[in-house]
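If you want the building blocks of each chain, they are given just below.
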Amino acid sequence: MISLDEVKAYLDFVKEVKKDYNVIDMHVHPYEMMLGGIKYIQNSQYEGLYSTNGSKYECPVLSYINEDREMERKYQTFSSKIIEKTAILSLRRTYHHTGPKVFYDHMCLSGIDKILLLPVFGPDESDATVMEEMKYMFGNDERFLIGYCVPNAINNNDIVNNIKYNIDKYNIIAIKIHPNRTAIDISTENGKDRIEHLLEASRDTNLCVIIHSGVSKNSFNGESNLYSKITDFLDINWNITKEPVVIAHAGVYGHNINDINESIMPNVKKLLNKYDNLLIDIAGLNIESISVIIKNIDVDRILFGSDALYYYQWKAIVSLVHSLKNSNRNYEEDFIRIVSKNPEKYIIKNK
């Protein structure tokens, strides 16, 4: 357990770092992506706050961190229908509110200077409304960087022109790929071909790629929850683009610690050794998983991501500091590389 006093001390350290460096979160979701279809209106309570209903907005607050997995294990013993219903209610509640006000509050609490917003589209969802809404809400503030997810409706041969259009219109800086949610089965030839066309678009537009990896925990998407297994990444030619490709969640999302140590990390290391342009992020991961990653992966290949609002941003950055401090490394310098130097070198560049 990390006490509240320890949490505050870690965040004081982050705020010292930000006096000299930009602290950057490269993995944030502006909208709920698993269910989709949430409609927002301007909330009269605060400027920059957009809401789905009349519920009162409450600012995020700090607490202690307890990563005892006992409650999670008990939860998994419930029936699939109960788990799914509970998950839907939780996701809807998490994204009752969005907009600059919500993310400002999280960033102030966490010591974050900039965030990359990553929209994700389901297999039959369009991009037009979401991108226009993102531009309206976040487009006039340099603290918000915008990524883009290519909808399935865009043919492979039209991907490059589609992305160029979105660069011009929305100033996107990254291509987001989420095989689970978008239903791209990368174990098949069609799925592999789709990914490689997206990599060609990265090459031709000079945009980085951030691709989801791991096994999704919910049952909303059925078998597509398994479409981002790290073993399937081994059959893709990631050298099609020379731009950075970030393996989000480091391949470990949804896996237990034994699987991470015995099978996931060896495959992640194999990929990083083969392809110089591959990086990983630590979005949505617990302290135990982050500690394994730090032990196995060169810190120059790691980026910070929180997976907010699915996970508390302050908790994500505290978990990183805590893991680094307990790794017998030069945690101050490693932290600066992960949250500032690496994203500025690989992702933001001159943007």
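Residue numbers restart at each chain and count upward from 1, following the sequence in its written direction. A pLDDT threshold of at least 70 governs which residues receive local features in this predicted model, and a stricter bar of 80 or more applies before side-chain atom pairs are shown or counted, although totals over entire chains, interfaces and linings include all residues. Hydrogens and water molecules were not included; the side-chain quantities draw on all heavy atoms of the structure.

S.K.: Any details on the overall build of the protein chain? Residues and values, ideally.
M.R.: Counting from the N terminus, the helices are the DSSP runs of H or I reaching at least four residues and the strands are the DSSP runs of E reaching at least two. Tallying secondary structure elements over the protein chain gives 13 helices and 11 strands in all. Only C-alpha atoms enter the radius of gyration, while the globule expectation follows 2.2 Å times N to the 0.38, with N the number of residues. By the compact-globule yardstick of 20 Å for 351 residues, the protein chain fits well, its C-alpha radius of gyration being 19 Å. The principal-axis extent of the C-alpha atoms belonging to the protein chain is close to 55 × 50 × 50 Å. Buried residues are those whose accessible area, probed at 1.4 Å on protein chains only, stays under 20% of the maximum for their type, while exposed residues exceed 50% and partly exposed ones sit between those limits. Looking at the protein chain as a whole, 55% of its 351 residues are labelled buried. Residue contacts follow a heavy-atom distance rule, with two residues in contact if any of their heavy atoms lie within 4.5 Å. Considering only contacts within the protein chain whose residues lie at least 6 apart along the sequence, 79% involve residues at least 24 apart. His residues and chain termini do not enter the charge count, which takes Lys and Arg as positive and Asp and Glu as negative. Lysine's charge is taken at NZ, arginine's at CZ, aspartate's at CG and glutamate's at CD. Taking the average place of the 40 positive charges on the side chains of the protein chain and the average place of its 47 negative ones, the gap between the two points comes to 1 Å.

S.K.: Describe the environment of alanine 9, listing the residues and the values that go with them.
M.R.: Here alanine 9 is to be found in helix H1 (residues 4–17). What makes alanine 9 partly exposed here is its relative accessible area of 45%. C-alpha of alanine 9 to C-alpha of valine 318: the two residues are 309 residues apart in sequence and 9.3 Å apart in space.

S.K.: Hey, could you go over the nonpolar core for me, with residue numbers and the actual values?
M.R.: The biggest cluster of nonpolar side chains holds 94 residues, and the ones touching the most others in it are Ile195, Trp238, Ile280, Ile293, Leu320 and Phe335. Examining the composition of this core, we find that seven residues originate from one element, helix H12 (residues 313–325), more than from any other. Among residues more than four places away in sequence, those in contact with isoleucine 280 are Val246, Ile247, Ala250, Val268, Leu272, Ile293, Ile297, Arg301, Ile302 and Leu303. Put simply, a nonpolar core is a bunch of buried Ala, Val, Leu, Ile, Met, Phe, Trp, Tyr and Cys residues held in one set by side-chain atoms that sit within 4.5 Å of each other. Counting residues in each nonpolar core, the second largest holds 16 residues, with Ile24, Leu145, Ala248 and Ile347 among its members.

S.K.: Please set out the sheet that holds strand E4 (residues 97–98) residue by residue, giving values where relevant.
M.R.: By this definition, two strands are paired if DSSP reports at least two bridges between them. The strand order E2-E3-E4 describes an open sheet built from three strands, whose pairing is antiparallel. The open sheet terminates on both sides in strands that have one partner only, identified here as strand E2 (41–42) and E4. For E2 and strand E3 (residues 50–51), the ladder comprises two bridges, and the chain directions are antiparallel. Within E3, the position partnered with glutamine 42 by the bridge is tyrosine 50.

S.K.: For the pairing of strand E6 (residues 144–148), give the residues involved together with the corresponding values.
M.R.: Of all five residues in E6, five are buried; the element is thus mostly enclosed. Burial along E6 is two-sided: the face carrying Phe144, Ile146 and Tyr148 and the face carrying Leu145 and Gly147 are both buried. With three bridges joining them, strand E5 (residues 114–117) and E6 adopt parallel strand pairing. Bridged to leucine 117 within E6 is isoleucine 146. Regarding topology, helix H5 (residues 128–138) serves as the crossover connection from E5 to the parallel E6, and that connection is right-handed. Relative to strand E7 (residues 174–177), E6 runs parallel, the two being bridged by two bridges. Looking at the pairing, glycine 147 lines up with alanine 174 of E7. For the handedness criterion, the strands are oriented away from the viewer, and a crossover whose path from the first strand over the helix to the second runs clockwise is classed as right-handed.

S.K.: Just give me the short version of empty space enclosed by the protein, but keep the residues and values in it.
M.R.: The distinction between a cavity and a pocket rests on a 1 Å grid over the protein atoms alone: a 1.4 Å probe fits inside a cavity but cannot get out, while a pocket stays open yet meets protein on both sides within 12 Å along at least five of seven lines, and a residue with an atom within 4 Å of a point counts as lining. Grid points are joined across faces, edges and corners, and a volume is the space filled by probe spheres set on the points. Under the counting rule described, the total for this entry stands at one cavity of 30 Å³ or more. In this structure, the largest cavity spans a volume of roughly 40 Å³. Contributing to the lining of the largest cavity are Cys149, Val150, Lys176, Ile177, His178, Thr182, Ile184, Arg194 and Leu198. Of all the elements in the fold, those that place two or more residues in the lining of the largest cavity are E7 and helix H8 (189–205).

S.K.: If you had to explain the packing of aromatic side chains to someone new, which residues and values would you point to?
M.R.: When the centres of two rings from Phe, Tyr and Trp lie within 6.5 Å, Trp using its six-membered ring, the rings pair. Their planes under 30 degrees apart give stacked, over 60 give edge-to-face, and anything left gives tilted. For the structure on display, the rule yields 11 aromatic pairs. Seen in terms of ring centroids, tyrosine 50 and tyrosine 136 are 6.3 Å apart; in terms of plane orientation they differ by 70 degrees. Their pairing is edge-to-face. Taken together, the residues tyrosine 50 in strand E3 and tyrosine 136 in helix H5 connect sequence positions 86 residues apart. On the accessibility criterion, tyrosine 50 (9% relative accessible area) is buried. Overall, the relative accessible area of 60% leaves tyrosine 136 in the exposed class. On the numbers, 6.1 Å between centres and 25 degrees between planes, the contact of tyrosine 312 with tryptophan 314 is stacked. Judged by its relative accessible area of 49%, tyrosine 312 is partly exposed. Take tryptophan 314: its relative accessible area is 2%, and that puts it in the buried class.

S.K.: I'd like a rundown of the pairing of strand E8 (residues 208–212), residues and numbers included.
M.R.: By the criterion of burial, E8 is predominantly enclosed, with five of the five residues buried. The alternating pattern of E8 places Cys208, Ile210 and His212 on one face and Val209 and Ile211 on the opposite face, and all of these are buried. Two elements, E7 and E8, share four bridges in a ladder whose sense is parallel. Paired with lysine 176 across the bridge in E8 is isoleucine 210.

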